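Observations on the three-dimensional arrangement
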Amino acid sequence: MPNGWAGRKDEIAIHRDFPNGTNVEMVRILNEHEIELRIWERGVGETLSSGTGSSASAVAAIHAGDWLVKMLVISLVVSLWR
């Protein structure tokens, strides 16, 4: 993921509009069949296991790209958010 995404995640996850915190998914569209995804779950931290977050990110990427997709590969990335 590009530099600065961790700071952006912090701005969202602990924003005053979410007094109990919130989950954050960062998605980068690589091409019409592949996205890169980072998931931050409230109370857990960065994780590779979120079916809901993965599914929502796939739907958002497909919608943003206006694709008719037969297959989408999701690559989950763990890095230095901690």
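Structure shown above.
No experiment lies behind these values; they were computed from the predicted model shown.

Counting through the fold element by element, S50 comes out in the loop between strand 3 (45–47) and helix 2 (51–65). Judged by its relative accessible area of 10%, S50 falls in the buried class. Dropping the residues within four chain positions of it, S50 is found in contact with I39 and E41.

Counting buried positions along strand 2 (residues 34–41) yields seven of eight residues, so the element is predominantly enclosed. By the bridge criterion, seven bridges tie strand 1 (residues 24–31) to strand 2 in an arrangement that is antiparallel. The residue bridging N31 from the neighbouring strand is E34, located in strand 2. Hairpin connection of strand 1 to strand 2: two residues between the antiparallel strands. With three bridges connecting them, strand 2 and strand 3 associate as antiparallel partners. Bridge pairing links W40 to E46 in strand 3. A loop of three residues connects strand 2 with strand 3, the two strands running antiparallel in sequence, and G43 in this loop sits at a positive phi of about 85 degrees.

This paragraph deals with helix 2. Its 15 residues give helix 2 an end-to-end C-alpha distance of 21 Å, which sits within 8% of 21 Å, the value for a rise of 1.5 Å per residue. Buried residues of helix 2: G53, S54, S57, A58 and A61, and no others. One side of helix 2 carries all its buried residues, which in axial view fall inside an arc of 130 degrees. Of the residues in helix 2, the exposed ones pointing more than 90 degrees away from the buried face are G51, T52, V59 and H63.

On the secondary structure map, M26 appears in strand 1. Along the sequence, M26 and W5 sit 21 residues apart, while their C-alpha atoms lie 7.8 Å from each other.

Scanning the model with the defined rule gives four salt bridges in all. With a shortest N-O distance of 2.7 Å, E11 and R8 are connected by a salt bridge. With E11 and R8 both in helix 1 (residues 5–13), this residue pair falls three residues apart, about one helical turn. Exposure remark for E11: the relative accessible area of 48% places this residue in the partly exposed category. Here R28 ties to E36 by a salt bridge, and the two come within 3.1 Å at their closest N and O atoms. We classify E36 as buried; its relative accessible area is 12%.

Analysis parameters
- Residues numbered from 1 in each chain as written.
- Predicted model: local features only at pLDDT ≥ 70, side-chain atom pairs only at ≥ 80, totals over all residues.
- Heavy atoms only, no water.
- Helix = DSSP H or I, 4+ residues; strand = E, 2+ residues; numbered from the N terminus.
- Buried < 20%, exposed > 50% of the residue type's maximum accessible area, 1.4 Å probe, protein only.
- Contact = heavy atoms within 4.5 Å.
- Pairing = 2+ DSSP bridges.
- Expected span 1.5 Å × (residues − 1).
- Arc of directions from axis to C-beta.
- Salt bridge = Lys/Arg side-chain N within 4 Å of Asp/Glu carboxyl O.

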